[in-house]
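Remarks on the overall topology
This is what each chain is made of:
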Amino acid sequence: MLRRVDPRLTARARELRNNPTPAELAIWHRVARFRPAFTRQFVEAPFIIDLVCRKAKLAIELDGSQHIETVEADARRTTFLESQGWRVLRLWNSDVLANPDGAGQHILSTAAECLGGTHPHPLPSREGRARRPRYR
């Protein structure tokens, strides 16, 4: 039987999904089109994770300045998530906003590493290649 998620956590996750921070939007626009899929504001009770790749079990936390004062709480959160099998990647909002492409690439390469080297980018097209004639 599936365990139920607390409806208050679900409502809070929905609220956060509908009101993303600029850093969350910047990252989302860079990773949303890749597969395996990423999910925003994922509930892993009792926590809500900013961004996850479920298949890779990768949890991405985007931390703002308020996290400077909550280092111990963040460490407990990370320990709990790792005990549940998640790999936790923490990025500062300021770093994401300063270099969103680099942050997105870091997330995609970490997801690929978690999946055993699967490359997250689409395969190169056949553009520029000479077509060989088919023999019958």
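Residues numbered from 1 in each chain as written. Predicted model: local features only at pLDDT ≥ 70, side-chain atom pairs only at ≥ 80, totals over all residues. Heavy atoms only, no water.

Okay, the packing of aromatic side chains next. Evaluation of the coordinates by the stated rule reveals 2 aromatic pairs. When the ring centre of W28 is taken as origin, the NZ or CZ atom of R40, which lies over that ring, is 5.2 Å away. (Phe/Tyr/Trp six-rings, centres within 6.5 Å; stacked < 30°, edge-to-face > 60°. Lys NZ or Arg CZ within 6 Å of the ring centre and 35° of its normal.)

With that out of the way, let us pick up the pattern of salt bridges. Overall, the coordinates contain 6 salt bridges when judged by the stated rule. Salt-bridge contacts for E113 lead to R87; the nearest nitrogen and oxygen are separated by 2.8 Å. Placement of E113 in helix α5 (residues 100-114) and of R87 in strand β4 (residues 87-92) is noted, with a sequence separation of 26 residues between them. Note on E113: relative accessible area 52%, which makes it exposed. The class of R87 is partly exposed, set by a relative accessible area of 36%. (Salt bridge = Lys/Arg side-chain N within 4 Å of Asp/Glu carboxyl O. Helix = DSSP H or I, 4+ residues; strand = E, 2+ residues; numbered from the N terminus. Buried < 20%, exposed > 50% of the residue type's maximum accessible area, 1.4 Å probe, protein only.)

Within the secondary structure, D95 is located in helix α4 (residues 93-98). Sequence separation between D95 and L62 is 33 residues, and the spatial gap between their C-alpha atoms is 9.6 Å.

Attention shifts here to the side chain of E24. For E24, the location among the structural elements is in helix α2 (residues 22-31). Comment: no salt bridge for buried E24; closest opposite-charge side chain is R40, at 5.8 Å. A distance of 3.2 Å separates polar atoms of two side chains, one belonging to E24 and the other to Q41. Each residue touching E24, except ones within four places of it in the same chain, is listed here: L16, Q41, D50 and L62. (Lys, Arg positive; Asp, Glu negative; His and termini not counted. Polar contact = N/O pair within 3.5 Å; in protein donor to acceptor, adjacent residues only side chain to side chain. Contact = heavy atoms within 4.5 Å.)

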